[in-house]
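Now for the letters of each chain:
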Amino acid sequence: MGKRVAIVGAGVSGLASIRCCLEEELEPTCFERSNDVGGLWKFSNHAEEGRASIYQSVFTNSSKEMMCFPDFPYPDDYPNYMHHSKLQEYIRTFAQKKNLLRYIQFDTLVSSIKKCPNFLVTGQWEVVSEKDGKEESAIFDAVMICSGHHVYPNLPTDSFPGLQQFQGHYLHSRDYKDPEAFKGKRVLVIGLGNSGSDIAVELSRLAAQVIISSRSGSWVMSRVWDDGYPWDMVYVTRFATFLRNALPSFVSNWLYVKKMNTWFKHENYGLMPLNGPLRKEPVFNDELPSRILCGTVSIKPSVKEFTETSAVFEDGTMFEAIDSIIFATGYGYAYPFLDDSIIKSRNNEVTLFKGIFPPKMEKPTLAVIGLVQSLGAAIPTADLQARWAAKVLAKSCTLPTTSEMMDDIDEKMGKKLKWFGQSQTLQTDYITYMDELCSFIGAEPNIPWLFLTDPQLALEVFFGPCSPYQFRLTGPGKWDGARSAILTQWDRTVKPTRTRAVSEAQRPQHFHNLLKMLSLPLLLLAVWLTFY
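These numbers come from a predicted model, not from an experiment. (Residues numbered from 1 in each chain as written. Predicted model: local features only at pLDDT ≥ 70, side-chain atom pairs only at ≥ 80, totals over all residues. Heavy atoms only, no water.)

This part is about the overall build of the protein chain. Along the protein chain, the regular secondary structure elements total 18 helices and 22 strands. Across the 532 residues in the protein chain, those meeting the buried criterion constitute 53%. For the protein chain, restricting intrachain contacts to residue pairs at least 6 apart in sequence, the fraction spanning at least 24 positions comes to 67%. Summing over all exposed atoms, the protein chain offers an accessible surface of approximately 23,900 Å²; the carbon and sulfur share of this is 51%. (Helix = DSSP H or I, 4+ residues; strand = E, 2+ residues; numbered from the N terminus. Buried < 20%, exposed > 50% of the residue type's maximum accessible area, 1.4 Å probe, protein only. Contact = heavy atoms within 4.5 Å. Areas by Shrake-Rupley, 256 points an atom, 1.4 Å probe, with all protein chains shown as cover.)

This is the structure in structure tokens:
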């Protein structure tokens, strides 16, 4: 084996990193503080210190064909959107089938990662770990941090005057597990993200009243789109990305809103302010609009202040006799075992080249996997990040200069602020980002060449869903089953829903639907050209 690589965390990012290190003939050692793989998806009945935490009712927002490891499809009979227990089952199976468990040290906490005294020469790290009360130190040639970003809750108590005198109970969504304790209660949920929406909808069936307080609103989308297909199978396509990048901004914006299938706007339901970022990351919730229409959930603006029993909102209205407040206010990025200045190298902001490599490191021997967020799924993103990172650590790929990396970070940050708003600093466009990473390792699909050599596959790759199999279709790490997986992905999508004999399912007509959407802006453009 080659260089020794320490991997922190055995969630999907950690497992991808182990596998990719082995592909590059590196020697991985993974440290996992719990007793099982899965990371975020390993459910516990109570929040555990230093670990991500989910509630009992969590389902995925990405469909199975779009969130698998690129060479490991889900079984045909798995539902398109999975309960966390089903996804955890898949993750365990992947670790077993790929023989990754032997490289993991379970029940082991990483307490410190520091540069070795001779780091400028060797690029090595000293990793201190703890197990059963015993501390151990070891030297590694490289480190891959895969501990996720849903661990340390952001609880902005200082931003809410009067909260300290509130006599009820408040908690972060990280500590929420099920609705039973809130039966008959009056509950305020602060935050309109995926967790806040899920929790509010679930509480609305048992609680006396539920109100969501939202500072900036959100686009709310259903998981179910055209003809009953999963949203990402219809929307996350190369052709849609091409149109968004190629068309004038006013047309692109109109198409985005039209195709995002947004249910309600601010003036009717208080979900999305008219001056909000047009392309803010949406919230996926199939029931929230129905709950609002039934009056069991209401939307309010930001909380101005709290009293002993009430919340006063920015519009002057009040929610009185509150029993509980749930802060669904997200998470902070923290790695307590690592010097903050390594990850946050500028203005206390996370500063990473392509969301992976610290640009000012003297030696490129540390990578962060799984920190970037996009409308795409986490598993294929982490897999591709790990493939590139492992090649850099193995020195089969090189990074640009520090100044070039910083320039790229500045450019990408500007685009992220334009698309996703001030708070979404680690957001990125999925397909563009994935193709960038593919280009670094020589695995980007050559669409024009595919149209010449394999038109059937090319049509599915360009107009169909940009499924993970595309990123192991060619180049290093190529999977021989990728072509077949792409051409049969719709069959696996409809299989779990075909529980009785009906006519054959019709696949989405991507090109036809997009032509219909383009008809109005093209007509307007023609009128404009005629008269001006």
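On to the pairing of strand β6 (residues 134-140). As paired elements, strand β5 (residues 125-131) and β6 share 7 bridges and run antiparallel to each other. Residue Glu126 lies in a different strand from β6, and its bridge partner there is Ile139. Hairpin geometry of β5 and β6 is characterised by an intervening segment of 2 residues between the two adjacent antiparallel strands and by a positive phi of about 55 degrees at Asp132. (Pairing = 2+ DSSP bridges.)

This paragraph deals with the pattern of salt bridges. One pass over the structure, following the stated rule, counts 17 salt bridges. Taking the shortest distance from any N to any O, the salt bridge between Arg19 and Asp71 comes out at 2.8 Å. Highlighted residues: Arg19 in helix α1 (residues 12-23) and Asp71 in the loop between β2 (27-31) and α2 (84-97), separated in sequence by 52 residues. Across the pair, exposure class does not vary: Arg19 and Asp71 are buried alike. (Salt bridge = Lys/Arg side-chain N within 4 Å of Asp/Glu carboxyl O.)

Bringing the nonpolar core into the picture now. Ranked by size, the top nonpolar core spans 111 residues in total, and within it Tyr90, Met144, Leu203 and Trp388 carry the most contacts. For this core, the element with the highest residue contribution is helix α11 (residues 378-393), accounting for 9 residues. When near neighbours in sequence (up to four residues on either side) are disregarded, Trp388 contacts Phe353, Lys354, Ile356, Phe357, Cys397, Leu399, Leu437, Phe440 and Ile441. Core analysis: the next-biggest nonpolar cluster, separate from the first, contains 23 residues, Val8, Ile113, Ile343 and Leu371 among them. (Core = buried A, V, L, I, M, F, W, Y, C linked by side-chain atoms within 4.5 Å.)

Our focus in this paragraph is α1. For α1, spanning 12 residues, the distance from its first C-alpha to its last is 17 Å, which sits close to the expected 16 Å at 1.5 Å a residue. Buried residues of α1: Val12, Ser13, Gly14, Leu15, Ala16, Ser17, Ile18, Arg19, Cys20 and Cys21, and no others. Of the residues flanking the end of α1, it is Glu25, one or two places downstream, whose phi is positive at about 60 degrees. (Expected span 1.5 Å × (residues − 1).)

This part covers the sheet that holds strand β15 (residues 303-306). Read from one edge of the open sheet, 3 strands run β15-β16-β17, paired in antiparallel fashion. Edge positions in the sheet fall to β15 and β17 (318-319), since each has one partner strand and no second. Relative to β17, strand β16 (residues 311-313) runs antiparallel, the two sharing 2 bridges. Of the residues in β17, the one forming a bridge with Ala311 is Phe319.

The subject of this paragraph is the confidence of the model for the protein chain. Residues with a pLDDT of 70 or more make up 85% of the protein chain, whose mean pLDDT is 88. Segment residues 261-268: pLDDT under 50, and 22 contacts once partners within four positions in sequence are set aside and those in other chains are kept. Counting interchain partners and residues more than four positions distant, the pLDDT-below-50 stretch residues 273-279 has 19 contacts. (pLDDT = per-residue confidence, 0-100.)

Quick look at the pairing of strand β11 (residues 209-213) now. The buried fraction of β11 amounts to 4 of the 5 residues, a majority that puts the element mostly inside the structure. Where strand β10 (residues 186-190) and β11 come together, 5 bridges link them in parallel fashion. Each residue of the ladder has a partner; that of Arg186, found in β11, is Gln209. Two elements, β11 and strand β14 (residues 297-300), share 4 bridges in a ladder whose sense is parallel. The residue of β14 that forms the bridge with Ser213 is Lys300.

With that settled, the discussion passes to the side chain of Ser17. Inspection of the secondary structure puts Ser17 in helix α1. Here Ser17 falls in the buried class, since its relative accessible area comes to 0%.

Mapping Phe462 onto the fold places it in helix α15 (residues 455-463). The spatial distance from the C-alpha of Phe462 to the C-alpha of Ile447 is 7.2 Å, given a sequence separation of 15 residues. Residues in contact with Phe462, not counting those within four places in the same chain, are Thr237, Arg238, Phe239, Phe242, Ile447 and Phe451.

Another aspect to go through is the sheet that holds β5. The antiparallel open sheet is built from 3 strands, whose spatial order is β4-β5-β6. If you trace the sheet from one side to the other, it starts and ends with β4 (109-115) and β6, each paired once. Between one strand axis and the next, the sheet turns by 20 degrees as a mean value, whatever way the strands run. Here β4 pairs with β5 via 6 bridges, running antiparallel. Residue Lys115 lies in a different strand from β5, and its bridge partner there is Trp125. (Axes fitted to C-alpha atoms, helices over the stretch in contact; angles between N-to-C directions.)

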